[in-house]
Each structure stands twice: as C-alpha cells, then as structure tokens.
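A look at the structure
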Amino acid sequence: MNENNIVSINPTEATESKEWVNITPPDGYLLTEQGVFEERKAGPVMICGPVWVEALTRDHNGTGWGMVVCWIDRDGQKQSKAIANHLLHETGGGLAIILSHGGLMVVPREERKVAHYLGCFQPEDRLLCVSQVGWVESSNQLVYVRPDGVLSKDKTDEIIFQPEQHAPTVDTMKSKGSLALWQQHVAEPCKGNPYLVFSVCASFAAVIQRFVGSDNSGFHLYGNSSRGKTTALQVAASVHGCGADPGGAAETYLLRWNATQNAMEGLAAAHNDGLLVLDEIGSCPAYDFGRTVYDLSGGQGKSRMNKNAVLNKQRRFRVLTLSSGEYSVRQKIEEVGKQVKAGQMNRFLDIPIEDAIVIETHDENPADFVNRVKRNCGEYYGTAGPAFIQAILDKYGQEEVVRSRMQQYIEEWVDMLMQNLSLEPAQARAMGRLAPVGAAGQMVIELGILPLEVADIQCAVETIRDAWLTDEFNMSEETRGALNVRAFILKNPDRFGSAEFPVEKVRQLVGYFHAEERWYLFTPEGFAEACGGVPEKAVAKALRSRRLLHTNNSGHLKSRLCIPGLAERLEVYAVRQAILESDSLPLSKG
C-alpha cells in the first residue's frame with residue numbers, strides 16, 4: 001500500500017458532482033471531485049482521478065461486451081470512450097494506459113485496482129457497440145457510424161463506436177471548417193481537372209458500396225513523380241477526414257502503402273464502408289503485394305488462432321481504395337517475378353497518367369494553385385462525407401429505397417460509358433467499376449453538396465475510362481493489333497513497293513503503297529507480321545469498323561487489286577493512310 005495516497009475525505013463528496021449524478025460506484029470505492037478512492041483499513045486511498053462507467057455495450061449477437069467509460073481529464077474536461085471488456089483482464093495495465101493517454105490521472109502501481117473498480121460497475125443502460133465505422137441496421141432504420149458520431153434519419157443514442165485499439169480513423173476521420181468552406185476552397189478548384197474530380201467522386205462512391213452490390217474496388221493512379229497524384233488523393237481524403245499531406249501531418253486520413261499484409265487488413269477494416277487512401281505504392285513490400293490486392297478486394301481478412309488455439313473472429317470490410325505511385329499495380333506484382341492474375345487487375349484498375357493531373361488552375365500560377373489546394377485539404381475537411389450520408393438518410397431513409405435509386409443511376413452510367421464501344425468482357429466489367437463513381441458524383445450534386453455540374457463528372461469518368469482503355473494491358477486485342485499495324489508502317493516504310501509504278505525489288509517486301517488512293521496494300525503474310533501476333537481477321541474487322549480498311553470485294557476483308565509488274569490481281573489488305581493520324585485509333589468502336 002502506498003501510504004502517500006491515504007487522504008482525509010468527506011464521503012458525502014462522492015455524489016456532489018453533476019457529472020456523475022445517479023452513478024453509484026461499486027462497493028468499497030468512493031467517487032469524489034478529487035478522484036476515485038479505495039476504502040482500506042488505514043483509510044481511503046486514491047487510485048486515480050474521477051472516472052466512472054455510464055453504460056454497458058454489446059454487439060448485435062450479444063457478444064463483444066464493453067463499457068462506456070467517462071472521466072475528468074487533467075484540464076478539468078469530461079472525456080468518454082467505449083472500451084472493450086477484454087482490456088479489464090489484460091496484463092501490463094493496458095486499460096490504465098489508454099485512460100492515462102486520454103488525460104486521466106492514474107496513480108502508479110494502482111493500475112489493476114483501476115481495472116477492478118471499473119469492472120465492478122453494473123449500470124442499467126445498454127448500448128449497441130460497433131467496432132467499425134460504416135453502415136449499421138438498428139431499430140429498423142439505417143444509420144452510419146463515424147468516430148465523431150452516429151448519423152441517422154431519426155436521432156438515436158443507442159449505438160456507440162467501440163473501435164479496435166490503434167484504429168487510425170479515430171484520429172483522422174474528423175472535421176474542420178464548414179461544408180461551405182470545403183466547397184469553396186477544395187471542391188470548386190477541382191473543376192476543369194478530371195483526375196481531381198474523379199478522386200472526389202470516388203470518395204463519395206466509397207460510402208454507397210453497400211447499395212451497389214459489387215465487391216470492393218480500387219483505382220490506382222500511376223506515373224512519373226511530380227504529376228499531382230498526391231494532390232488527387234488529398235482532395236479525396238478531405239471528403240471524410242483530414243486531407244493534409246502525409247509528409248507534414250501526423251493525423252492525416254492519407255496513408256502510405258508501407259505496411260505488412262496483416263497491417264493492411266487492419267487498415268481496411270478501420271475504413272469500412274469508406275475510402276482507403278494509400279500513397280506511394282513503391283514503399284509496400286513486394287513479396288505479398290499480389291495477395292494484399294486480393295485481400296483488399298475480397299473484403300475479409302485471414303482466419304487466425306489466438307494464443308489459446310481458439311479461432312478469432314475474421315475481420316470483414318467494404319472499402320473503395322484510391323492509391324498512387326510511380327509504378328502500376330501490375331509492375332509491383334511482377335517486381336518479384338510473380339504472375340499477374342486477371343482477377344487482380346479487374347478489381348484494382350491501373351490508371352496511367354501521361355501528363356500533369358492539374359490542368360485548369362483558374363488563372364493562378366500552377367505551382368501556387370497546387371500548393372493552395374493541398375494546404376486547403378488540411379484546413380477544410382471532413383464535412384462533405386457526413387453531409388452526403390445525412391442527405392441520403394433524410395431523402396431516402398430505407399435501404400431498399402437507396403439501393404433501388406443507386407441501381408438506376410448505375411445502369412444509366414454503364415450505358416453511357418459503353419455507348420458506341422465494342423468491349424471485351426473484362427473491359428465491360430471495368431466499366432461496372434467506374435459507373436458507381438459517376439453515379440455517386442451525380443447524386444451528390446443533386447443533393448446540393450458538390451458544387452459542380454454533371455457534365456464535369458461525365459468528363460472526369462470518361463477521362464479515366466479512356467486512360468484505362470488505352471493502356472496497352474487493358475485495351476482490346478483488336479485495338480492492340482491495329483496499333484501494331486500503325487507502328488509497323490511507321491517503322492518499316494521501306495518495305496512497301498509502289499502500287500502504281502514498277503520499281504526495283506524491295507527487300508523483305510510486305511506490300512505496296514498506293515500514293516494516289518493513300519492505301520497501304522499488305523500481302524496476307526505481311527499483314528500477319530504487322531499484326532504482331534493478334535489474329536489478322538480480328539484486326540481487319542477492327543480497322544473496317546473504323547473506316548480504316550478499304551474493301552472492293554463484297555463480304556470479304558481483302559481487296560483484289562492489280563499491281564504493275566504482276567500478272568494476276570493480288571489479294572491484299574488495303575489499309576488507309578489515315579491510320580497514321582493520332583486520333584484514328586481511339587477506343588474500340590462498335
């Protein structure tokens with residue numbers, strides 16, 4: 001016993017504070033303005049500052065019990081936190097450490113007594129606890145839990161956030177400034193910058209995944225440094241929390257990729273029904289990176305045993321990931337010689353960045369504009385996301401209503417994204433990943449939260465679509481073959497003879513050039529070489545659909561033409577010279 005803790009107190013002080021009216025401390029303890037005292041033979045002994053339990057918590061299944069602990073910190077301010085009961089039984093004073101970190105005075109060597117004192121409370125109030133942020137069904141109404149409060153149509157005090165230890169969203173998912181200031185200083189400058197607009201819309205799309213019915217998605221912006229990738233991530237982060245640059249702020253919503261596979265699972269679970277923002281893919285360990293991509297898109301963590309050989313509860317999460325880096329996801333997986341799987345690339349879309357992300361600076365010096373936007377993301381944040389969620393709840397209320405409305409939006413966006421395009425199945429699935437981003441952007445504009453126009457959203461999503469489709473790994477086989485033909489012509493002009501005048505023998509002849517008609521007349525063998533391994537028939541059809549293939553033989557892809565010096569008419573693929581124009585091969589036209 002520490003005799004220095006023995007003091008003379010008036011037991012009637014135990015119930016005088018208005019902070020703990022109707023709170024009855026456990027037998028053997030006194031709760032006073034000075035602190036908590038244990039009654040011992042030598043007299044009351046202080047064990048900590050004023051602290052008490054207001055309610056007990058448990059999850060939907062009647063497990064995961066905890067308690068709502070309240071205390072007066074060293075500045076005289078009341079604090080509260082939902083704490084899991086298992087901390088009462090952990091060695092090492094974990095519970096006391098948490099409370100001490102929150103400002104409660106805990107007498108050294110009395111940590112176990114503090115746990116015993118709190119564990120003996122038997123309050124009547126019960127609250128539903130959730131360990132993750134996100135959507136929850138409660139009392140037949142839809143609610144969304146954030147670290148800083150519960151959003152619902154009809155206000156409820158029956159739910160409380162009881163996070164895992166060290167969950168980053170406790171510190172980063174917060175707000176500063178007003179929605180109007182965020183709209184003015186962060187959202188409006190995004191106008192005219194498709195990548196910034198897309199990033200903002202992706203952030204809103206993250207909270208509606210529950211109503212979309214698809215698995216987790218990811219978008220990865222990659223390209224050389226100093227292109228504005230981190231700025232895009234910052235504006236997205238500012239929707240839900242602190243969007244400050246991770247290089248200069250400790251409690252930013254923006255995270256780095258430099259985490260183990262197990263740690264990444266914890267980060268995803270902490271951002272459930274929200275946006276997971278990850279910068280610098282190059283900092284992630286490469287060996288398990290492919291597995292990490294699968295885990296993020298799969299929405300559930302590994303099965304693990306605890307120290308008593310009992311199976312732990314699996315983490316489950318629904319997240320949309322927005323990331324960036326100088327390398328693509330494909331390159332990162334291949335870094336250690338592993339094979340990229342189609343499922344990985346379809347769930348996590350690589351978006352190449354050829355030019356700067358920031359295009360429109362609104363008559364401001366580009367460097368000053370970017371720095372101002374980045375700074376504003378750390379000054380005005382965390383208001384748009386909650387406003388969007390609250391607006392959904394107020395307007396639609398029930399989950400089936402929200403789901404029905406979202407499906408309508410998404411169908412419209414899928415149709416728009418695929419209009420006039422002939423896409424392969426994998427490409428069509430990618431359009432299904434992009435559509436919710438456009439749908440969320442349209443919805444948030446209609447709800448009066450995002451100060452842009454639907455045309456801005458359409459431009460942004462189409463820009464991302466085109467960037468993804470024109471990446472050599474994502475374009476259709478036919479388009480890749482057509483590009484091979486164009487590159488072949490540019491590289492080998494001396495392998496074409498004249499189609500109008502006899503000339504000397506051409507080495508490694510692949511065809512003829514008709515200057516008057518502006519046709520490249522490929523022999524069947526030469527065309528096969530130019531297609532670079534892609535089936536010639538598929539490439540010829542793609543060229544014909546773009547009006548880049550001349551045909552004079554009805555129903556056939558080849559033309560029959562007379563070539564000077566040849567006795568018989570020759571069957572050739574007559575490719576128009578227009579193929580060399582930069583815009584002749586956009587996307588797969590139907």
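Here the structure is shown first, and the text comes after it.
Residues numbered from 1 in each chain as written. Predicted model: local features only at pLDDT ≥ 70, side-chain atom pairs only at ≥ 80, totals over all residues. Heavy atoms only, no water.

Looking now at the overall build of the protein chain. Looking only at helices and strands, the protein chain has 19 helices and 22 strands in total. Here the protein chain has a C-alpha radius of gyration of 32 Å; the compact-globule value for 590 residues is 25 Å, and the former is much larger. Each of the 590 residues in the protein chain was classed as buried or not, and the buried ones make up 53%. For the protein chain, the share of sequence-separated contacts (at least 6 apart) that also reach a separation of at least 24 residues comes to 67%. A gap of 6 Å separates the mean positions of the 60 positive and 73 negative side-chain charges of the protein chain. (Helix = DSSP H or I, 4+ residues; strand = E, 2+ residues; numbered from the N terminus. Rg over C-alpha atoms; globule rule 2.2 N^0.38 Å. Buried < 20%, exposed > 50% of the residue type's maximum accessible area, 1.4 Å probe, protein only. Contact = heavy atoms within 4.5 Å. Lys, Arg positive; Asp, Glu negative; His and termini not counted. Charge placed at Lys NZ, Arg CZ, Asp CG, Glu CD.)

Moving on: the sheet that holds strand β3 (residues 43–48). On the basis of which strands lie adjacent, the open sheet formed by three strands has the order β1-β2-β3 and antiparallel pairing. The open sheet is flanked by β1 (29–31) and β3, the only strands paired with a single partner. Looking at each pair of strands side by side, their axes are set apart by 30° on average, direction ignored. When strand β2 (residues 36–40) meets β3, the two strands line up antiparallel, connected through five bridges. Of the residues in β3, the one forming a bridge with arginine 40 is glycine 43. (Pairing = 2+ DSSP bridges. Axes fitted to C-alpha atoms, helices over the stretch in contact; angles between N-to-C directions.)

A word on the pairing of strand β22 (residues 570–576). Relative to β22, strand β19 (residues 519–522) is paired through four bridges, and the arrangement is antiparallel. Bridge assignment links tyrosine 520 to a residue of β22, and that residue is valine 575. By the bridge criterion, two bridges tie strand β20 (residues 549–550) to β22 in an arrangement that is antiparallel. In the sheet register, histidine 550 faces β22, and the bridge partner there is alanine 574. Direction of pairing for strand β21 (residues 559–561) relative to β22: antiparallel, over a ladder of three bridges. Pairing of leucine 561 across the sheet is with leucine 570, part of β22.

Attention now moves to the nonpolar core. Trp182, Phe204 and Leu450 are the most contacted members of the largest nonpolar core, which totals 91 residues. Contacts of phenylalanine 204, omitting those with residues within four sequence positions, involve Trp182, Val239, Ala384, Gly385, Phe388, Ala440, Val444, Ile449 and Leu450. Listed in part, the 36 residues of the second largest apolar core include Leu31, Ile47, Val53 and Leu88. (Core = buried A, V, L, I, M, F, W, Y, C linked by side-chain atoms within 4.5 Å.)

Once that is clear, we can look at the environment of asparagine 193. Along the chain, the position of asparagine 193 falls in the loop between α4 (179–187) and α5 (194–205). Judged by its relative accessible area of 0%, asparagine 193 falls in the buried class. Each C-alpha atom, one on asparagine 193 and one on tyrosine 117, is 57 Å from the other, the two residues being 76 residues apart in sequence. Leave out the neighbours within four places in its chain, and asparagine 193 touches Ile357, Val358, Ile359, Glu360 and Phe369.

A separate point is helix α7 (residues 229–237). Burial runs high along α7: nine of the nine residues are buried. Of the residues making up α7, those classed as buried are Lys229, Thr230, Thr231, Ala232, Leu233, Gln234, Val235, Ala236 and Ala237. In this fold, the buried residues of α7 make contact with α4, α5, β12 (217–222), β14 (274–279), β15 (319–325) and α12 (366–377).

Counting buried positions over the ten residues of helix α8 (residues 261–270) gives seven, a clear majority of the element. Every buried residue belonging to α8 is among Gln261, Met264, Glu265, Leu267, Ala268, Ala269 and Ala270, and all of these are buried. Summarising the contacts, the buried residues of α8 are in contact with α3 (169–172), β13 (255–256), β14, α9 (289–298) and β15.

So, on to unusual backbone geometry. In this model, aspartate 273 sits at a positive phi of 55°, which is unusual for a non-glycine residue. Not every positive phi belongs to a glycine, and arginine 547 is a case in point at roughly 60°. Along the chain, arginine 547 falls in the loop between α19 (536–545) and β20. According to the relative accessible area criterion, arginine 547 is exposed, its value standing at 67%.

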